[in-house]
Amino acid sequence: MAANGFVADVRHMGEVAVVDLAGDLDGSAERLLDKAWEAVGDVSVVVLNFSAASYINSTGIALIVGLLGRARVKKMLVRAYGLTDHYREIFEITRLSDFIEMHHNEEQATARP
Amino acid sequence: MTDEATTAGVHKEGSQMINDESNKEASPSEAAARDAAYWANLTRSLELGEVPPEARNINVSGRRQTSPLQGFGRMWQKSYLVVLSGVEATPQEVIATWKEEFQSFWPEGNHYYGPLTGIAPGDVALLNLSMPGKLTMSTGVLVLYADEESFTFMTPEGHMFAAFITFSAFKDKDGNTAAKVHVLLRSNDPVFEIALGLFGHRKENRFWTHTMTALASHFGVKNPTVDIQLVCVDRRRQWRNAGNLRYNSALRSAAYMVASPVRALRKKSPRR
């Protein structure tokens with residue numbers, strides 16, 4: 001199952017931080033996702049880029065929910081792009097879509113709120 | 001919007017940068033097929049199959065599943081870990097047994113009524129849970145995800161928690177097989193939030209400690225120790241979700257119990 005190494009890069013674009021997620025988002029990604037979250041710092045919008053995410057299991061979704069909880073504490077807006085239809089459906093069934101704005105591309109996702 | 005100003009990258013040792021060609025081996029659409037079979041299909045509301053006549057079946061069918069984001073109270077992350085020291089069973093074997101005999105590891109008086117075929121993605125199960133005051137609370141779960149090393153439940157509206165509950169097994173750093181329950185939750189409404197503070201956390205901890213001890217004992221572990229981790233992820237309550245109270249399964253189950261003599265009389269009396 002989990003095969004590809006997980007990578008999380010953080011890019012800052014003014015008040016927006018883009019977190020590029022690549023590889024397998026599962027339980028083993030927790031430490032790296034925590035580090036990425038620390039690198040996000042104080043911004044008003046966090047954009048999660050799933051374009052290179054190759055596998056997400058339920059623990060990975062729980063990690064995203066945990067991030068949303070932390071974003072709420074800091075009153076940050078969370079957006080996502082690069083989701084395939086399959087992952088959009090997962091966001092629907094897990095009801096993450098109620099809290100994450102889903103966009104088609106980076107330009108839309110990083111636009112001012 | 002300014003151009004990219006800073007970049008901070010975190011990587012697994014030996015892994016490649018995101019923009020390396022090596023990371024583009026699997027496109028998202030190809031990769032989707034790799035986990036697709038493990039996820040439940042999209043459903044707007046839960047539908048429960050047949051349950052035994054002795055089961056109390058309310059508060060499940062027609063309800064929507066909830067994640068911690070839809071709940072009311074503080075967000076908690078809890079984990080219950082037991083190391084199966086000296087046990088030969090692989091993580092896959094532990095999960096297979098856990099799925100097959102799920103109910104048998106629970107404390108007495110609590111029932112899981114799922115499909116006889118085991119635990120599979122998309123299954124909806126009825127729970128009858130023992131509560132204080134001899135109340136039996138009827139609620140349920142959706143099997144959100146299930147693979148060979150883990151499975152995850154999502155709770156319906158009205159359950160005490162809006163939660164993801166993940167059961168997993170893996171090899172720890174010493175090479176032992178370990179089993180873990182990971183719960184990410186908010187209480188669903190103000191009444192459950194008060195109950196969680198008064199006795200809910202203790203009851204929850206006892207419940208999963210019993211479960212993990214029983215699982216470890218099943219595999220032959222003597223005097224297993226359950227490690228409990230409890231972290232408050234978000235201390236604030238979501239007051240906009242206070243209206244979840246209308247689905248409260250404990251209150252509805254209590255009302256159902258109180259009305260049961262009336263229902264029995266109606267059944268006995270001949271129709272006019």
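What counts as what
Residues numbered from 1 in each chain as written. Chains lettered and ligands numbered in written order. Predicted model: local features only at pLDDT ≥ 70, side-chain atom pairs only at ≥ 80, totals over all residues. Helix = DSSP H or I, 4+ residues; strand = E, 2+ residues; numbered from the N terminus. Rg over C-alpha atoms; globule rule 2.2 N^0.38 Å. Buried ≥ 20, exposed ≤ 12 C-beta atoms within 10 Å, placed from the backbone. Contact = placed C-beta atoms within 7 Å. Expected span 1.5 Å × (residues − 1). pLDDT = per-residue confidence, 0-100. Arc of directions from axis to C-beta. Pairing = 2+ DSSP bridges.

**What about the overall build of chain A?**
Phase 1 of the analysis: Along chain A, the regular secondary structure elements total four helices and five strands.
Phase 2 of the analysis: Tracing chain A from N to C terminus, the helices and strands come up as β-β-α-β-α-β-α-β-α.
Phase 3 of the analysis: Relative to the globule expectation of 13 Å for 113 residues, the C-alpha radius of gyration of chain A, 13 Å, shows essentially globular dimensions.
Phase 4 of the analysis: The C-alpha extent of chain A, read off along each of the three principal axes, is 35 × 25 × 25 Å.
Phase 5 of the analysis: Expressed as a percentage of the 113 residues in chain A, the buried residues total 58%.
Phase 6 of the analysis: Taking the intrachain contacts of chain A between residues at least 6 apart in sequence as the baseline, contacts between residues at least 24 apart amount to 70%.

**Details of the overall build of chain B**
Phase 1 of the analysis: When helices and strands are counted, chain B shows five helices and 10 strands.
Phase 2 of the analysis: Across chain B, contacts joining residues at least 24 apart in sequence account for 67% of those joining residues at least 6 apart.

**Examining helix 2 (residues 58–73) of chain A**
Residues and elements named next belong to chain A.
Phase 1 of the analysis: Given a rise of 1.5 Å per residue, 16 residues ought to cover 22 Å, and the 23 Å separating the end C-alpha atoms of helix 2 matches this to within 8%.
Phase 2 of the analysis: Among the 16 residues that make up helix 2, 13 are buried, leaving the element largely enclosed by the rest of the structure.
Phase 3 of the analysis: Looking one or two places after helix 2, you find lysine 75, whose phi comes out positive at around 55°.

**Considerations on the environment of aspartate 172 of chain B**
Phase 1 of the analysis: Structurally, the position occupied by aspartate 172 of chain B is in the loop between strand 8 (161–171) and strand 9 (177–187).
Phase 2 of the analysis: Sequence separation between aspartate 172 of chain B and leucine 265 of chain B is 93 residues, and the spatial gap between their C-alpha atoms is 57 Å.

**Notes on the confidence of the model for chain B**
Residues and elements named next belong to chain B.
Phase 1 of the analysis: Mean pLDDT for chain B: 86, with 87% of residues reaching 70 or above.
Phase 2 of the analysis: Taken together, the stretch residues 1–8 has pLDDT below 50 and engages in 14 contacts with residues farther than four places along the chain or on a different chain.
Phase 3 of the analysis: For residues 10–27, every residue scores under 50 in pLDDT, and the model assigns this stretch 28 contacts once sequence neighbours within four places are set aside.
Phase 4 of the analysis: For this predicted complex, the interface score ipTM comes out at 0.84, while the overall pTM is 0.84.

**Quick notes on the environment of histidine 210 of chain B**
Phase 1 of the analysis: Looking at where histidine 210 of chain B falls in the secondary structure, it is placed in helix 3 (residues 190–218).
Phase 2 of the analysis: The sequence separation of histidine 210 of chain B and phenylalanine 105 of chain B amounts to 105 residues, and the corresponding C-alpha distance is 7.6 Å.

**Topic: helix 2 (residues 91–100) of chain B**
All names here are of chain B.
Phase 1 of the analysis: Listed in full, the buried residues belonging to helix 2 are Val94, Ile95 and Trp98. What you see down the axis of helix 2 is that its buried residues fit within an arc of 95°, all on one side.
Phase 2 of the analysis: Structurally, helix 2 contributes buried residues whose contacts are with strand 3 (75–84), strand 7 (150–156), strand 8, strand 9 and helix 3.

**Things to note about unusual backbone geometry**
The phi angle of most residues is negative, glycine excepted, and most peptide bonds adopt the trans form.
All names here are of chain B.
Phase 1 of the analysis: Notably, asparagine 59 is not glycine yet its phi reads approximately 75°, a positive angle.
Phase 2 of the analysis: Summarising the element assignment, asparagine 59 is placed in the loop between helix 1 (28–36) and strand 2 (65–66).
Phase 3 of the analysis: The class of asparagine 59 is buried, set by 26 C-beta atoms lying within 10 Å.

**Comments concerning the environment of histidine 182 of chain B**
Phase 1 of the analysis: With respect to the helices, strands and loops of the structure, histidine 182 of chain B is situated in strand 9.
Phase 2 of the analysis: Judged by C-beta crowding, with 21 C-beta atoms within 10 Å, histidine 182 of chain B ranks as buried.
Phase 3 of the analysis: As for histidine 182 of chain B and isoleucine 228 of chain B, which are separated by 46 residues in sequence, their C-alpha atoms are 9.9 Å apart.
Phase 4 of the analysis: Setting aside anything within four residues of it in sequence, one finds histidine 182 of chain B in contact with Ala62 of chain A together with Ser79, Thr166 and Ser168 of chain B.

**Section: the pairing of strand 3 of chain B**
Residue and element names in this part refer to chain B.
Phase 1 of the analysis: Pairing of strand 3 with strand 10 (residues 226–234), which is carried by eight bridges, proceeds in the antiparallel orientation. Across the sheet, the residue bridging to glutamine 77 is valine 231, located in strand 10.
Phase 2 of the analysis: Pairing analysis gives nine bridges linking strand 3 to strand 9, with the strands arranged antiparallel. Across the sheet, valine 82 pairs through a bridge with alanine 179, a residue of strand 9.

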